[in-house]
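# Remarks on the overall topology
Here is what each chain is made of, one letter per residue.
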Amino acid sequence: MAAVLAASALVSFGAAGSAHAAGYRYWSFWDRAGDHWTYATQGPSTARPADGDVEGFRFAVSEDSQDATQPRGAASFAAICAKTPEQDGTKRVALVIDFGTAADAPGGEAPPSPSPRTACARVSSGATTAEALAAVAKPLRYDANALLCAIAGYPGTGCGEQVSTDGRRTRQPTTAEGAGKGTGSRNADGNDGGNGGGKDGGPSLGLFGGVAAVAVLGAAAVWQARRRRDG
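This is a predicted model, so every value here is computed, not measured.

## A short note on unusual backbone geometry
Omega for the peptide link from Ser113 to Pro114 comes to 0°, which places this bond in the cis form. With respect to the element layout, Pro114 can be found in the loop between strand E4 (90-98) and strand E5 (117-124). Of note, the amide linkage connecting Lys138 to Pro139 takes the cis form, showing an omega dihedral of 0°. The topology assignment puts Pro139 in the loop between helix H3 (129-136) and strand E6 (141-142). Positive phi, normally seen in glycine, also occurs at Ala146, with a value near 65°. Relative to the helices and strands, Ala146 is located in the loop between E6 and strand E7 (148-150). The backbone of Ala152 sits at a positive phi, close to 55°, despite the residue not being glycine.

Written out as structure tokens, the structure is:
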């Protein structure tokens, strides 16, 4: 019974901890499909866009891919790459880079202007999105887990940190948790940053709930075994 109570307390602790967190501050990565944005299914380091594709990045505070904020502004390949003609052996990738709003900015920083901005990257035919981004928006900054932390030097510090409901940083994700979905909650290798390992990234009660569930089931099994033995 003590184990059951402990497990219940763990669930309550996890729920309370999540309730005070608005999400994670990171760069999300998007594909343009027709006239709308779709959250990328792989990281910019493994995505290989075709000539004529439009891809976007948005810096914001989001809980997960369902909550992530899309890039703003026009996103027409014809307009973005109008002055970049075709060239043999290369491809053109239209990029929309949205530095977000002042409300999403880390303390002491402000989104660069103009924002959003667009760029047409001419890269080799086999280049990845990460290579296209590096061609037009340096400096880029990555963390030790290859998570994209900054585009064009923004933000100057931090990488996928958890923030509270008032926008203040609460803590930096651990190596085991990853750091946001960044670049589509995803790191440069195409994997979700994790933030607890949820498939959608961002903070998740999956870890707390999984541990608690195991504890509850284990405690119940022990209690039932003792009851049969004593009876």
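## Thoughts on the environment of Tyr24
With respect to the secondary-structure elements, Tyr24 resides in strand E1 (residues 21-33). Look at Tyr24 and you get buried, because its relative accessible area is 2%. Taking the C-alpha atoms as reference points, Tyr24 and Asp104, 80 residues apart in sequence, are found 9.9 Å from one another.

## Some thoughts on the pattern of salt bridges
If you walk through the whole model with that rule in mind, you get 4 salt bridges. The partner of Glu161 in a salt bridge is Arg25, with the nearest N and O atoms 2.9 Å apart. Pair noted here: Glu161 is in the loop between E7 and strand E8 (162-164) and Arg25 is in strand E1, with a separation of 136 residues, a long-range link. The salt bridge partner of Arg58 is Asp98, with a shortest N-O separation of 3.4 Å. Of this pair, Arg58 sits in strand E3 (residues 54-62) while Asp98 sits in strand E4, and the two are 40 residues apart along the sequence. As far as burial versus exposure is concerned, Arg58 and Asp98 are alike and both buried. Salt bridges here are not isolated pairs; linked through shared partners, they connect Arg58, Arg72 and Asp98.

## Focus: the state of the cysteines
Applying the stated criterion across every chain, the model contains 2 disulfides. Each sulfur in the disulfide pair Cys81 and Cys120 lies 2.0 Å from the other. On the S-S bond that ties Cys81 to Cys120, the torsion sits near 105°, and the link is right-handed. Of this pair, Cys81 sits in the loop between helix H2 (77-80) and E4 while Cys120 sits in strand E5; the two residues are 39 residues apart in sequence, bridging distant segments of the chain. You'll find Cys81 and Cys120 in the same group, each marked buried. The side chain of Cys149 participates in a disulfide bridge whose partner is Cys159; the two sulfur atoms lie 2.0 Å from each other. Because the torsion about its S-S bond is -75°, the bridge between Cys149 and Cys159 counts as left-handed. On the criterion of sequence distance, the pair formed by Cys149 in strand E7 and Cys159 in the loop between E7 and E8 is long-range, its members being 10 residues apart.

## Quick notes on the packing of aromatic side chains
Tallied over the entire structure, the rule returns 6 aromatic pairs. With a centroid separation of 5.6 Å and 80° between ring planes, the pair formed by Trp27 and Phe99 is classed as edge-to-face. Here Trp27 is found in strand E1, whereas its partner Phe99 is found in the loop between E4 and E5, with 72 residues between them in sequence. The exposure classification of Trp27 matches that of Phe99, with both residues buried. Taken together, Trp27, Phe59, Phe99 and Tyr154 form an aromatic cluster joined through their ring pairs.

What counts and what doesn't
- Residues numbered from 1 in each chain as written.
- Predicted model: local features only at pLDDT ≥ 70, side-chain atom pairs only at ≥ 80, totals over all residues.
- Heavy atoms only, no water.
- Helix = DSSP H or I, 4+ residues; strand = E, 2+ residues; numbered from the N terminus.
- Buried < 20%, exposed > 50% of the residue type's maximum accessible area, 1.4 Å probe, protein only.
- Salt bridge = Lys/Arg side-chain N within 4 Å of Asp/Glu carboxyl O.
- Disulfide = S-S within 2.5 Å.
- Phe/Tyr/Trp six-rings, centres within 6.5 Å; stacked < 30°, edge-to-face > 60°.

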